[in-house]
Amino acid sequence: MFALGVAGAPQELTVPEDSATLDFFLRFVDPKKKNPALEFDDLPKLLELARKYQLDDVTEWVKQWISENPATIMEKMDFVSTSRAAEILDLGTVYDVPNLSRYALRVLIKASMTALATSSAPTSPLYAHLMKLRAERIELLQKESKNS
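Draft legend 1. View of the overall build of the chain. When helices and strands are tallied, the chain shows 8 helices and 0 strands. Written out in order from the N terminus, the α and β elements of the chain read α-α-α-α-α-α-α-α. Evaluated residue by residue, the chain yields a buried proportion of 31% over its 148 residues. Counted over contacts in the chain with a minimum sequence separation of 6, partners at least 24 positions apart contribute 58%. Accessible surface, the chain: about 10,100 Å² in total, of which carbon and sulfur atoms supply 56%.

Spelled out as C-alpha coordinates, the structure:
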(Lines give C-alpha, C1' and ligand atoms only; values in the text may rest on other atoms or scores of the structure.)
Protein backbone atom coordinates (compact mmCIF):
# COMPACT_ATOMS: atom_id res chain seq x y z
CA MET A 1 0.00 0.00 0.00
CA PHE A 2 0.94 3.63 0.07
CA ALA A 3 2.46 5.28 3.09
CA LEU A 4 2.25 8.97 3.83
CA GLY A 5 4.96 10.49 5.94
CA VAL A 6 6.69 8.63 8.76
CA ALA A 7 5.82 4.97 9.30
CA GLY A 8 3.56 4.41 12.26
CA ALA A 9 2.43 8.04 12.47
CA PRO A 10 -0.94 8.47 10.72
CA GLN A 11 -1.14 11.67 8.71
CA GLU A 12 -4.22 13.63 7.86
CA LEU A 13 -5.00 13.99 4.18
CA THR A 14 -6.92 17.14 3.26
CA VAL A 15 -8.99 17.26 0.10
CA PRO A 16 -10.99 20.23 -1.21
CA GLU A 17 -14.14 18.24 -1.99
CA ASP A 18 -17.07 18.24 0.43
CA SER A 19 -17.99 15.07 2.31
CA ALA A 20 -21.16 14.35 0.30
CA THR A 21 -19.29 14.46 -3.01
CA LEU A 22 -16.50 12.26 -1.64
CA ASP A 23 -19.04 9.83 -0.20
CA PHE A 24 -20.71 9.50 -3.59
CA PHE A 25 -17.35 9.12 -5.28
CA LEU A 26 -16.20 6.38 -2.88
CA ARG A 27 -19.50 4.53 -3.15
CA PHE A 28 -19.22 4.62 -6.92
CA VAL A 29 -15.67 3.28 -6.87
CA ASP A 30 -16.41 0.52 -4.30
CA PRO A 31 -18.38 -2.23 -6.12
CA LYS A 32 -19.74 -3.56 -2.80
CA LYS A 33 -21.59 -0.32 -2.07
CA LYS A 34 -24.79 0.78 -3.71
CA ASN A 35 -24.61 4.11 -5.56
CA PRO A 36 -26.51 6.80 -3.68
CA ALA A 37 -29.27 8.69 -5.44
CA LEU A 38 -27.86 11.36 -7.68
CA GLU A 39 -29.21 14.87 -7.17
CA PHE A 40 -29.29 17.52 -9.87
CA ASP A 41 -27.32 19.99 -7.73
CA ASP A 42 -24.50 17.44 -7.33
CA LEU A 43 -23.74 17.30 -11.06
CA PRO A 44 -21.14 20.08 -11.21
CA LYS A 45 -19.18 18.74 -8.24
CA LEU A 46 -19.27 15.16 -9.49
CA LEU A 47 -18.21 16.03 -13.02
CA GLU A 48 -15.33 18.14 -11.70
CA LEU A 49 -14.26 15.33 -9.35
CA ALA A 50 -14.40 12.80 -12.19
CA ARG A 51 -12.23 15.04 -14.37
CA LYS A 52 -9.79 15.81 -11.57
CA TYR A 53 -9.22 12.15 -10.70
CA GLN A 54 -9.56 10.98 -14.33
CA LEU A 55 -12.53 8.71 -13.68
CA ASP A 56 -14.29 8.45 -17.01
CA ASP A 57 -16.67 5.85 -15.56
CA VAL A 58 -18.14 8.46 -13.21
CA THR A 59 -18.62 10.90 -16.09
CA GLU A 60 -20.27 8.18 -18.16
CA TRP A 61 -22.53 7.25 -15.24
CA VAL A 62 -23.61 10.90 -14.87
CA LYS A 63 -24.29 11.12 -18.62
CA GLN A 64 -26.36 7.94 -18.43
CA TRP A 65 -28.29 9.25 -15.41
CA ILE A 66 -29.07 12.49 -17.28
CA SER A 67 -30.29 10.64 -20.37
CA GLU A 68 -32.41 8.26 -18.24
CA ASN A 69 -34.00 11.00 -16.13
CA PRO A 70 -35.14 13.73 -18.53
CA ALA A 71 -38.29 14.48 -16.52
CA THR A 72 -36.25 15.07 -13.36
CA ILE A 73 -33.81 17.30 -15.20
CA MET A 74 -36.55 19.33 -16.89
CA GLU A 75 -38.43 19.73 -13.61
CA LYS A 76 -35.30 21.11 -11.97
CA MET A 77 -34.46 23.28 -14.98
CA ASP A 78 -37.89 24.94 -14.78
CA PHE A 79 -36.78 26.60 -11.54
CA VAL A 80 -33.25 27.47 -12.64
CA SER A 81 -32.29 31.11 -13.07
CA THR A 82 -30.91 32.35 -16.37
CA SER A 83 -27.41 32.71 -14.90
CA ARG A 84 -27.56 29.16 -13.49
CA ALA A 85 -28.73 27.85 -16.88
CA ALA A 86 -25.74 29.59 -18.47
CA GLU A 87 -23.44 27.83 -15.98
CA ILE A 88 -25.11 24.51 -16.73
CA LEU A 89 -24.64 25.11 -20.45
CA ASP A 90 -20.92 25.61 -19.85
CA LEU A 91 -20.83 22.50 -17.68
CA GLY A 92 -22.43 20.41 -20.40
CA THR A 93 -20.01 21.77 -22.98
CA VAL A 94 -16.84 21.40 -20.90
CA TYR A 95 -17.62 17.85 -19.79
CA ASP A 96 -19.17 16.77 -23.11
CA VAL A 97 -22.64 16.09 -21.72
CA PRO A 98 -24.82 17.13 -24.66
CA ASN A 99 -28.14 16.37 -22.96
CA LEU A 100 -27.27 18.73 -20.12
CA SER A 101 -26.40 21.46 -22.62
CA ARG A 102 -29.67 20.79 -24.44
CA TYR A 103 -31.72 21.25 -21.26
CA ALA A 104 -29.88 24.47 -20.42
CA LEU A 105 -30.50 25.83 -23.92
CA ARG A 106 -34.23 25.21 -23.48
CA VAL A 107 -34.18 27.55 -20.49
CA LEU A 108 -31.98 30.14 -22.18
CA ILE A 109 -34.12 30.24 -25.33
CA LYS A 110 -37.12 31.33 -23.22
CA ALA A 111 -35.16 33.91 -21.21
CA SER A 112 -35.59 37.61 -21.82
CA MET A 113 -32.79 39.56 -23.45
CA THR A 114 -32.48 41.58 -20.23
CA ALA A 115 -31.92 38.41 -18.20
CA LEU A 116 -29.42 37.12 -20.73
CA ALA A 117 -27.54 40.42 -20.76
CA THR A 118 -27.25 40.51 -16.97
CA SER A 119 -26.17 36.88 -16.56
CA SER A 120 -22.50 35.99 -16.63
CA ALA A 121 -21.70 35.11 -20.22
CA PRO A 122 -20.74 31.48 -20.57
CA THR A 123 -17.80 30.47 -22.70
CA SER A 124 -19.80 27.93 -24.67
CA PRO A 125 -19.94 28.45 -28.44
CA LEU A 126 -23.59 27.35 -28.18
CA TYR A 127 -24.33 30.42 -26.06
CA ALA A 128 -22.63 32.71 -28.57
CA HIS A 129 -24.67 31.10 -31.36
CA LEU A 130 -27.88 31.50 -29.35
CA MET A 131 -27.16 35.19 -28.80
CA LYS A 132 -26.39 35.67 -32.51
CA LEU A 133 -29.67 34.04 -33.54
CA ARG A 134 -31.63 36.14 -31.04
CA ALA A 135 -29.99 39.35 -32.29
CA GLU A 136 -30.85 38.39 -35.89
CA ARG A 137 -34.45 37.63 -34.90
CA ILE A 138 -34.80 40.98 -33.12
CA GLU A 139 -33.39 42.80 -36.14
CA LEU A 140 -35.77 40.96 -38.47
CA LEU A 141 -38.78 41.74 -36.27
CA GLN A 142 -37.80 45.39 -36.05
CA LYS A 143 -37.55 45.62 -39.86
CA GLU A 144 -40.94 43.96 -40.26
CA SER A 145 -42.57 46.28 -37.75
CA LYS A 146 -41.17 49.34 -39.58
CA ASN A 147 -42.52 48.05 -42.89
CA SER A 148 -46.00 47.47 -41.45
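Draft legend 2. Structural view of helix H3 (residues 56-68). The terminal C-alpha atoms of H3, which comprises 13 residues, lie 18 Å apart, in line with the 18 Å expected from a rise of 1.5 Å per residue. Residues of H3 that are buried include every one of Val 58, Thr 59, Trp 61, Val 62, Trp 65 and Ile 66, and no others. Axial view of H3: buried residues confined to an arc of 160°, hence all on one face. Facing away from the buried side of H3 by more than 90 degrees, the exposed set consists of Asp 56, Asp 57 and Glu 68.

Draft legend 3. Representation of the nonpolar core in the model. Ranked by size, the top nonpolar core spans 29 residues in total, and within it Leu 43, Ile 66 and Met 77 carry the most contacts. Elements supplying a minimum of two residues to this core: helix H2 (43-52), H3, helix H4 (70-77), helix H5 (82-94), helix H6 (98-110) and helix H8 (125-147). If one sorts the elements of this core by residue count, H6 sits on top with 6 residues. Excluding residues within four positions of it along the chain, Ile 66 makes contact with Leu 43, Ile 73, Val 97, Asn 99, Leu 100 and Tyr 103.

Draft legend 4. Representation of the packing of H3 against H4 in the model. Closest axis-to-axis distance for the H3/H4 pair is 5 Å, and the angle between their directions is 85°. By the angle between their axes, H3 is roughly perpendicular relative to H4. Between H3 and H4, the residues in contact are Trp 65, Ile 66, Ser 67 and Glu 68 and Pro 70, Thr 72 and Ile 73, respectively. Among the residues forming the contact of H3 with H4, the class breakdown is 4 nonpolar, 2 polar and 1 charged.

Draft legend 5. Spotlight on the packing of H6 against H8. Direction vectors running N to C along H6 and H8 enclose 30°, while the axes themselves pass 11 Å from each other. One way to sum up the angle between H6 and H8 is to call them roughly parallel. Like other packed secondary-structure pairs, H6 and H8 cross with a definite hand, here right-handed. Contact residues: H6 offers Ser 101, Leu 105, Leu 108 and Ile 109, while H8 offers Leu 126, Tyr 127, Leu 130 and Arg 134. A class-by-class count of the residues in the contact of H6 with H8 yields 6 nonpolar, 1 polar and 1 charged.

Draft legend 6. Local environment of the pattern of salt bridges. All chains considered together, the criterion is met by 8 salt bridges. We note a salt bridge from Lys 63 to Asp 96, for which the minimum N-O separation is 3.7 Å. Of this pair, Lys 63 sits in helix H3 while Asp 96 sits in the loop between H5 and H6; the two residues are 33 residues apart in sequence, bridging distant segments of the chain. Within the structure, one salt-bridge network assembled from shared partners comprises Glu 60, Lys 63 and Asp 96.

Draft legend 7. The arrangement of unusual backbone geometry in detail. For Gln 54, which is not glycine, the phi dihedral falls at a positive 55°. Mapped onto the fold, Gln 54 is located in the loop between H2 and H3. A relative accessible area of 68% means that Gln 54 is categorised as exposed. Residues other than glycine seldom take positive phi values, yet Asp 96 does so here, at roughly 55°.

Criteria and thresholds
Residues numbered from 1 in each chain as written. Predicted model: local features only at pLDDT ≥ 70, side-chain atom pairs only at ≥ 80, totals over all residues. Heavy atoms only, no water. Helix = DSSP H or I, 4+ residues; strand = E, 2+ residues; numbered from the N terminus. Buried < 20%, exposed > 50% of the residue type's maximum accessible area, 1.4 Å probe, protein only. Contact = heavy atoms within 4.5 Å. Areas by Shrake-Rupley, 256 points an atom, 1.4 Å probe, with all protein chains shown as cover. Expected span 1.5 Å × (residues − 1). Arc of directions from axis to C-beta. Core = buried A, V, L, I, M, F, W, Y, C linked by side-chain atoms within 4.5 Å. Axes fitted to C-alpha atoms, helices over the stretch in contact; angles between N-to-C directions. Parallel < 35°, antiparallel > 145°, perpendicular 65-115°, else oblique. Nonpolar A, V, L, I, M, F, W, Y, C, P; charged D, E, K, R; others polar. Left-handed = near helix turned anticlockwise from the far one by under 90°. Salt bridge = Lys/Arg side-chain N within 4 Å of Asp/Glu carboxyl O.

Any link to function would need more than the numbers given here.
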